[in-house]
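Here is what each chain is made of, one letter per residue.
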Amino acid sequence: MIILLKNNTKNDELQSLIEWLKNMGLDVHISEGAEQTLLGLIGDTSRIDTDLIQALDIVESVKRIQEPYKNANRKFHPDDSIFEVGKDNLIGGGHFQIIAGPCSVENEEQICTIAKDVKKSGATILRGGAFKPRTSPYSFQGLRQEGIRLLLLAKKETGLPIITELMDLSQLSLFDEVDVIQVGARNMQNFEMLKELGHCDKPILIKRGMSSTFQELLMSAEYVMSGGNERVILCERGIRTFETYTRNTLDISAVPVLKELSHLPVVVDPSHATGMSRMVPPMALAATAAGADGLMVEVHNDPAHALCDGPQSITPETFDKLAHQVKSLRNAMNAALEC
Ligand code: PEP
Ligand code: MN
């Protein structure tokens, strides 16, 4: 981090700033120019509040050279993170997971049928919302506790690990047998929740907020990781732009950007990103080609009557075709990379 001081800075003010920075465990390199003085901070500056320094009378400007996230930063962890998501399922570093299932769990037959179908086609993790974040309070809110029970039933019947969204910390005790906890886009910056999940012994998938920057997403991951839970998966699910044709705009560049900045696995959700089932297969393939470590796809056996997100849900038949295409694409990519 570099601090540029104003040119009329008094020595005692400068010395007290330097002392304060040293007390924060940093080495301070002073560079006195003819006009202005620069302070170069050496050490872990992730705990330094740049706004606080910027607000000091003697400071002209502050510039971060290093990112404020440390645990999630590839600079401190050059190799891809690889970890288990459910028994014997690895993600990251070339290990790819296909997460599939309905937007929300509706009843036993629905979740069990879809679970069996997607497993047959190659899905490796079952998704299904029990607690649903809906824009309208009059829309279906999810089966809640019963939804978790049904997901666990589908897990038992198929052997698929399950992922479902935690909307509030008060629900956490119901998630004991859930394999991966999803933090939804709307909760990406629920910092109290993220802190608590840092003490949790299971992988956490964090969806990018619809108006969040990459750095904000990585800072959310940092919240979980700084609590001791290193198993964080980043999920790009589209962001809000001026375009209204699609539900959101899928930011495919999120994959190479996040993988450059961080060692954490990155998955892409083309369903919430586009809001249209016909856009899901091409975007899923594009995300795979961009180097994603996995996909999260909404699949429903009767999209027209789905209680949530029917228009963006693909059928088990379409999913079957897509899963095979993804597999072929990954094989082709691996062969091409070997050349
Ligand atoms: C979901 O995956 O069911 C969901 C609500 O997604 P998002 O948080 O990305 O909107
Ligand atoms: Mn949905």
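Residues numbered from 1 in each chain as written. Chains lettered and ligands numbered in written order. Predicted model: local features only at pLDDT ≥ 70, side-chain atom pairs only at ≥ 80, totals over all residues. Heavy atoms only, no water.

1. Examining the pairing of strand E7 (residues 97–101)
Taking burial as the measure, the five residues of E7 include five buried ones, the bulk of the element. Residue alternation in E7 divides its side chains into two sets, Gln97, Ile99 and Gly101 and Ile98 and Ala100, and both sets are buried. The pairing of E7 with strand E8 (residues 125–127) spans two bridges and is parallel. Looking at the pairing, Ala100 lines up with Leu126 of E8. The handedness of the E7 to E8 crossover, carried by helix H3 (residues 108–121), is right-handed. (Buried < 20%, exposed > 50% of the residue type's maximum accessible area, 1.4 Å probe, protein only. Helix = DSSP H or I, 4+ residues; strand = E, 2+ residues; numbered from the N terminus. Pairing = 2+ DSSP bridges. Right-handed = clockwise from strand over helix to strand, strands pointing away.)

2. With respect to the nonpolar core
Membership of the largest hydrophobic core comes to 62 residues, with the highest contact counts inside it found for Val118, Leu126, Leu197, Ile206, Leu234 and Phe319. When residues in this core are grouped by element, the largest group, six residues, is from helix H6 (residues 214–226). Residue contacts for Ile206: discarding those within four places in its chain leaves Val183, Met188, Leu194, Leu217, Ser220, Ala221, Val224, Val232, Ile233, Leu234 and Cys235. Core analysis: the second largest hydrophobic core is formed by 16 residues, Met1, Leu26, Leu39 and Ile48 among them. (Core = buried A, V, L, I, M, F, W, Y, C linked by side-chain atoms within 4.5 Å. Contact = heavy atoms within 4.5 Å.)

3. Details of the layout of surface pockets
Volume-wise, the largest pocket comes out at about 310 Å³. Taken together, Asp44, Ser46, Arg47, Pro68, Lys70, Asn71, Met219, Glu222, Tyr223 and Ser226 make up the full set of residues lining the largest pocket. Among the residues forming the lining of the largest pocket, the class breakdown is three nonpolar, three polar and four charged. Structurally, the lining of the largest pocket is a two-domain feature, drawing no fewer than three residues from each of domain 1 (2–63) and domain 2 (83–338). (1 Å grid on protein atoms, 1.4 Å probe; cavity = no way out; pocket = protein on both sides within 12 Å on 5 of 7 lines; lining within 4 Å. Points joined across faces, edges and corners; volume = space filled by probe spheres on them. Nonpolar A, V, L, I, M, F, W, Y, C, P; charged D, E, K, R; others polar. Domains from an automatic or database assignment.)

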